[in-house]
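Residues per chain, in single letters:
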Amino acid sequence: MKKEIITINGFPGSGKSSTANMVAKTLEYERFSSGDFMRKIAVDMGMSINELNIKAETDKSIDTEIDNEVKKAGELTKIVIDSRMAFHWIPESFKVYLDLPQEIAKERILNNLKTNKLRQDSENATTEEEVYQRIIERLESENKRYMSLYGVDNTKKEEYDLVVDTNQNNLEEVVSKIITEYKKWLTE
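The rules behind the values
- Residues numbered from 1 in each chain as written.
- Predicted model: local features only at pLDDT ≥ 70, side-chain atom pairs only at ≥ 80, totals over all residues.
- Heavy atoms only, no water.
- Helix = DSSP H or I, 4+ residues; strand = E, 2+ residues; numbered from the N terminus.
- Buried < 20%, exposed > 50% of the residue type's maximum accessible area, 1.4 Å probe, protein only.
- Contact = heavy atoms within 4.5 Å.
- Areas by Shrake-Rupley, 256 points an atom, 1.4 Å probe, with all protein chains shown as cover.
- Phe/Tyr/Trp six-rings, centres within 6.5 Å; stacked < 30°, edge-to-face > 60°.
- Lys NZ or Arg CZ within 6 Å of the ring centre and 35° of its normal.
- Pairing = 2+ DSSP bridges.
- Axes fitted to C-alpha atoms, helices over the stretch in contact; angles between N-to-C directions.
- Arc of directions from axis to C-beta.
- Polar contact = N/O pair within 3.5 Å; in protein donor to acceptor, adjacent residues only side chain to side chain.
- Expected span 1.5 Å × (residues − 1).
- Core = buried A, V, L, I, M, F, W, Y, C linked by side-chain atoms within 4.5 Å.

*Asks:* What's the story with the overall build of the protein chain in this structure? I'm lost.
*Replies:* Helix and strand counts for the protein chain come out as 9 helices and 5 strands. Mapped from its N terminus to its C terminus, the protein chain presents α and β elements in the order β-α-β-α-α-α-β-α-β-α-α-α-β-α. Evaluated residue by residue, the protein chain yields a buried proportion of 47% over its 188 residues. Within the protein chain, contacts between residues at least 6 apart in sequence are counted, and of these 76% link residues at least 24 apart. Summed over its atoms, the accessible surface of the protein chain is roughly 9,400 Å², and 47% of this surface lies on carbon and sulfur atoms.

*Asks:* Is there a simple way to think about the packing of aromatic side chains in this case?
*Replies:* How two aromatic rings sit relative to each other is set out by the distance from centre to centre and by the angle between their planes. Enumeration according to the criterion identifies 9 aromatic pairs in this entry. Ring geometry for Phe-32 against Phe-37: centres 6.4 Å apart, planes inclined by 45 degrees, an arrangement best described as tilted. Among the aromatic residues, those joined into a cluster by ring pairs are Tyr-29, Phe-94, Tyr-182 and Trp-185. Across from the ring centre of Trp-89, 4.0 Å away, lies the NZ or CZ of Lys-71, which sits over that ring.

*Asks:* So what exactly am I meant to see when it comes to the sheet that holds strand β1 (residues 5-10) here?
*Replies:* Remark on secondary structure: sheet strands pair via backbone hydrogen bonds, oriented parallel or antiparallel. Taken in spatial order, the 5 strands make up an open sheet running β2-β3-β1-β4-β5, and their pairing is parallel. Because the sheet does not close on itself, it has two edges, and the strands there are β2 (30-33) and β5 (162-165). Strand-to-strand, the axes of this sheet are offset by a mean angle of 20 degrees, without reference to chain direction. Strand contacts of helix α2 (residues 34-44): β2 and β3 (79-82), with the helix running at about 45 degrees to β2, the strand carrying the most contacts. Most of the contacts of helix α9 (residues 171-187) go to strand β4 (residues 94-99), to which it runs at about 155 degrees, and overall it touches β1, β4 and β5.

*Asks:* Any chance you could explain helix α3 (residues 49-56) here in plain terms?
*Replies:* Residue pairs spaced three or four apart in an α-helix point in one direction, given the helix's 3.6 residues per turn. What α3 keeps buried is the set Ile-49, Asn-50, Leu-52, Asn-53 and Ala-56. Down the axis of α3, the buried set is contained in an arc of 160 degrees. They therefore lie on one face.

*Asks:* Just checking my understanding: could you explain the side chain of Thr-7 for this structure?
*Replies:* Structurally, Thr-7 is set in strand β1. Among the polar contacts listed, one links the side chain of Thr-7 to the side chain of Ser-93, at a separation of 3.0 Å. With residues near it in sequence (within four places) discarded, Thr-7 still touches Ile-81, Ala-86, Phe-87, Ile-90, Ser-93, Phe-94, Lys-95 and Val-96.

*Asks:* Where do I start with helix α1 (residues 16-27) in this structure?
*Replies:* Its 12 residues give α1 an end-to-end C-alpha distance of 16 Å, which sits within 8% of 16 Å, the value for a rise of 1.5 Å per residue. Every buried residue of α1 is accounted for by Lys-16, Thr-19, Ala-20, Val-23, Ala-24 and Leu-27. Taken end-on, α1 shows its buried residues confined to a sector of 125 degrees, consistent with a single buried face. Tucked into the core, α1 has its buried residues touching β1, β2, β3, β4 and α9. One or two residues past the end of α1 sits Glu-28, with phi positive at roughly 60 degrees.

*Asks:* Sorry, what's going on with the nonpolar core here?
*Replies:* Across soluble globular proteins, nonpolar side chains show a tendency to be buried alongside one another. One finds Ile-6, Val-23, Val-80, Phe-94, Val-96 and Ile-178 to be the most contacted residues of the largest nonpolar core, which totals 19 residues. With 6 residues, the top contributor of residues to this core is α9. Residues contacting Val-80, with those up to four places away along its chain left out, are Ile-6, Ile-8, Ala-20, Val-23, Ala-24, Tyr-29, Glu-30, Arg-31 and Phe-32. Formed by 18 residues, the second largest nonpolar core is a distinct cluster that contains Ile-49, Leu-52, Ala-73 and Ile-81.

*Asks:* It is not clear to me how the environment of Lys-25 should be interpreted in this structure. Could you clarify?
*Replies:* Along the chain, Lys-25 falls in helix α1. Remark: the alpha-carbon pair of Lys-25 and Val-80, spanning 55 residues in sequence, is separated by 9.5 Å.

*Asks:* Just to check I follow, could you spell out the environment of Ile-136 for this structure?
*Replies:* Position of Ile-136 relative to the elements: it lies in helix α8 (residues 128-150). Under the relative-accessibility criterion, Ile-136 is labelled buried at 18%. The spacing of Ile-136 and Gln-102 is 34 residues in sequence and 8.9 Å in space, taken between C-alpha atoms.

Structure follows, in C-alpha coordinates:
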(Lines give C-alpha, C1' and ligand atoms only; values in the text may rest on other atoms or scores of the structure.)
Protein backbone atom coordinates (compact mmCIF):
# COMPACT_ATOMS: atom_id res chain seq x y z
CA MET A 1 0.00 0.00 0.00
CA LYS A 2 1.34 3.42 -0.97
CA LYS A 3 1.97 6.01 1.72
CA GLU A 4 1.97 9.79 1.40
CA ILE A 5 5.72 9.81 1.93
CA ILE A 6 8.47 10.93 -0.45
CA THR A 7 11.96 9.56 0.20
CA ILE A 8 14.87 11.33 -1.47
CA ASN A 9 18.37 9.94 -1.92
CA GLY A 10 21.21 10.93 -4.20
CA PHE A 11 24.85 11.69 -4.61
CA PRO A 12 26.27 14.12 -2.00
CA GLY A 13 25.78 17.65 -3.31
CA SER A 14 22.96 16.63 -5.65
CA GLY A 15 20.54 18.91 -3.85
CA LYS A 16 18.77 16.46 -1.55
CA SER A 17 18.29 18.97 1.25
CA SER A 18 17.21 21.89 -0.93
CA THR A 19 14.91 19.65 -2.94
CA ALA A 20 13.40 17.98 0.12
CA ASN A 21 12.83 21.37 1.76
CA MET A 22 11.09 22.82 -1.29
CA VAL A 23 9.00 19.70 -1.99
CA ALA A 24 7.87 19.60 1.66
CA LYS A 25 7.05 23.30 1.66
CA THR A 26 5.14 23.10 -1.64
CA LEU A 27 3.09 20.08 -0.53
CA GLU A 28 2.80 21.40 3.04
CA TYR A 29 4.41 18.18 4.32
CA GLU A 30 6.74 17.60 7.28
CA ARG A 31 10.48 17.20 6.58
CA PHE A 32 13.14 14.90 8.07
CA SER A 33 16.83 14.70 7.14
CA SER A 34 18.87 11.71 8.27
CA GLY A 35 22.00 13.56 7.06
CA ASP A 36 21.31 16.43 9.45
CA PHE A 37 20.60 13.90 12.21
CA MET A 38 23.90 12.14 11.48
CA ARG A 39 25.82 15.45 11.37
CA LYS A 40 24.39 16.33 14.78
CA ILE A 41 25.56 12.97 16.15
CA ALA A 42 29.04 13.65 14.72
CA VAL A 43 29.23 17.15 16.22
CA ASP A 44 27.93 15.88 19.58
CA MET A 45 30.67 13.21 19.54
CA GLY A 46 33.31 15.80 18.58
CA MET A 47 34.13 14.29 15.19
CA SER A 48 33.68 14.94 11.50
CA ILE A 49 30.98 13.21 9.48
CA ASN A 50 33.67 11.07 7.82
CA GLU A 51 35.13 10.06 11.19
CA LEU A 52 31.63 9.08 12.30
CA ASN A 53 31.20 7.01 9.11
CA ILE A 54 34.47 5.18 9.81
CA LYS A 55 33.41 4.59 13.43
CA ALA A 56 30.04 3.27 12.16
CA GLU A 57 31.90 0.58 10.18
CA THR A 58 32.66 -1.16 13.49
CA ASP A 59 29.97 0.33 15.75
CA LYS A 60 26.59 -0.80 14.43
CA SER A 61 24.76 1.26 17.08
CA ILE A 62 25.35 4.41 15.00
CA ASP A 63 23.48 3.07 11.97
CA THR A 64 20.85 1.55 14.26
CA GLU A 65 20.20 4.95 15.85
CA ILE A 66 19.91 6.67 12.46
CA ASP A 67 17.81 3.85 10.97
CA ASN A 68 15.43 3.99 13.93
CA GLU A 69 14.89 7.72 13.39
CA VAL A 70 14.21 7.14 9.69
CA LYS A 71 11.77 4.33 10.50
CA LYS A 72 10.04 6.55 13.06
CA ALA A 73 9.65 9.28 10.42
CA GLY A 74 8.27 6.61 8.08
CA GLU A 75 5.42 5.96 10.49
CA LEU A 76 4.10 9.42 9.68
CA THR A 77 2.25 10.52 6.57
CA LYS A 78 2.67 13.66 4.51
CA ILE A 79 6.41 13.79 5.08
CA VAL A 80 9.48 14.18 2.87
CA ILE A 81 12.51 12.23 4.08
CA ASP A 82 16.03 13.00 2.85
CA SER A 83 17.98 9.83 3.58
CA ARG A 84 20.29 7.31 1.94
CA MET A 85 18.33 4.34 3.28
CA ALA A 86 14.73 5.60 3.63
CA PHE A 87 13.79 4.03 0.28
CA HIS A 88 14.74 0.67 1.81
CA TRP A 89 13.10 1.18 5.22
CA ILE A 90 9.93 2.69 3.74
CA PRO A 91 9.25 0.68 0.56
CA GLU A 92 5.71 2.03 0.29
CA SER A 93 7.08 5.57 -0.19
CA PHE A 94 7.59 7.40 -3.49
CA LYS A 95 11.33 6.86 -3.96
CA VAL A 96 13.43 9.57 -5.66
CA TYR A 97 17.12 9.49 -6.59
CA LEU A 98 18.91 12.74 -7.45
CA ASP A 99 21.80 12.18 -9.82
CA LEU A 100 24.81 14.48 -10.29
CA PRO A 101 28.37 14.13 -11.64
CA GLN A 102 30.97 14.05 -8.84
CA GLU A 103 32.90 17.03 -10.24
CA ILE A 104 29.86 19.30 -9.92
CA ALA A 105 28.96 17.86 -6.52
CA LYS A 106 32.24 18.89 -4.90
CA GLU A 107 31.79 22.48 -6.09
CA ARG A 108 28.24 22.62 -4.72
CA ILE A 109 29.26 21.15 -1.36
CA LEU A 110 32.11 23.63 -1.00
CA ASN A 111 29.69 26.52 -1.69
CA ASN A 112 27.26 25.08 0.87
CA LEU A 113 30.04 24.81 3.47
CA LYS A 114 30.34 28.61 3.40
CA THR A 115 26.81 29.10 4.75
CA ASN A 116 25.86 25.88 6.57
CA LYS A 117 27.23 25.86 10.14
CA LEU A 118 26.29 22.23 10.87
CA ARG A 119 27.98 21.11 7.67
CA GLN A 120 31.07 23.23 8.48
CA ASP A 121 31.33 21.61 11.89
CA SER A 122 30.91 18.08 10.52
CA GLU A 123 32.73 18.08 7.14
CA ASN A 124 36.21 19.26 8.16
CA ALA A 125 37.22 20.35 4.63
CA THR A 126 38.07 23.72 3.06
CA THR A 127 39.27 23.10 -0.51
CA GLU A 128 37.55 21.43 -3.48
CA GLU A 129 40.15 18.66 -3.38
CA GLU A 130 39.48 17.97 0.32
CA VAL A 131 35.73 18.07 -0.28
CA TYR A 132 36.04 15.64 -3.18
CA GLN A 133 38.18 13.27 -1.11
CA ARG A 134 35.69 13.42 1.79
CA ILE A 135 32.79 12.67 -0.61
CA ILE A 136 34.55 9.60 -1.98
CA GLU A 137 35.57 8.40 1.49
CA ARG A 138 32.05 8.87 2.83
CA LEU A 139 30.42 7.08 -0.11
CA GLU A 140 32.83 4.17 0.12
CA SER A 141 32.22 3.85 3.86
CA GLU A 142 28.44 4.08 3.51
CA ASN A 143 28.24 1.68 0.56
CA LYS A 144 30.42 -0.83 2.41
CA ARG A 145 28.26 -0.60 5.55
CA TYR A 146 24.89 -0.76 3.79
CA MET A 147 25.96 -3.77 1.75
CA SER A 148 27.41 -5.51 4.82
CA LEU A 149 24.53 -4.69 7.18
CA TYR A 150 21.54 -4.94 4.83
CA GLY A 151 22.71 -6.31 1.48
CA VAL A 152 21.55 -3.03 -0.09
CA ASP A 153 23.18 -0.89 -2.78
CA ASN A 154 21.46 2.47 -2.33
CA THR A 155 22.91 3.79 -5.61
CA LYS A 156 21.05 1.28 -7.85
CA LYS A 157 18.80 3.64 -9.77
CA GLU A 158 16.34 0.90 -10.71
CA GLU A 159 15.31 0.78 -7.03
CA TYR A 160 13.69 4.21 -7.35
CA ASP A 161 10.38 5.44 -8.79
CA LEU A 162 12.03 8.55 -10.23
CA VAL A 163 15.62 9.52 -11.10
CA VAL A 164 16.31 13.21 -11.77
CA ASP A 165 19.56 14.70 -13.08
CA THR A 166 20.06 17.83 -10.96
CA ASN A 167 22.77 19.08 -13.27
CA GLN A 168 20.34 19.23 -16.20
CA ASN A 169 17.45 20.67 -14.16
CA ASN A 170 17.38 23.62 -11.78
CA LEU A 171 15.83 23.30 -8.33
CA GLU A 172 12.38 24.47 -9.41
CA GLU A 173 12.36 22.00 -12.32
CA VAL A 174 13.49 19.15 -10.07
CA VAL A 175 10.77 19.94 -7.52
CA SER A 176 8.15 20.24 -10.26
CA LYS A 177 9.13 16.85 -11.73
CA ILE A 178 9.01 15.18 -8.34
CA ILE A 179 5.61 16.59 -7.41
CA THR A 180 4.12 15.81 -10.82
CA GLU A 181 5.35 12.21 -10.80
CA TYR A 182 4.44 11.75 -7.14
CA LYS A 183 0.85 12.82 -7.76
CA LYS A 184 0.62 10.40 -10.71
CA TRP A 185 2.11 7.62 -8.58
CA LEU A 186 -0.43 8.20 -5.80
CA THR A 187 -3.34 7.72 -8.21
CA GLU A 188 -1.98 4.67 -10.07
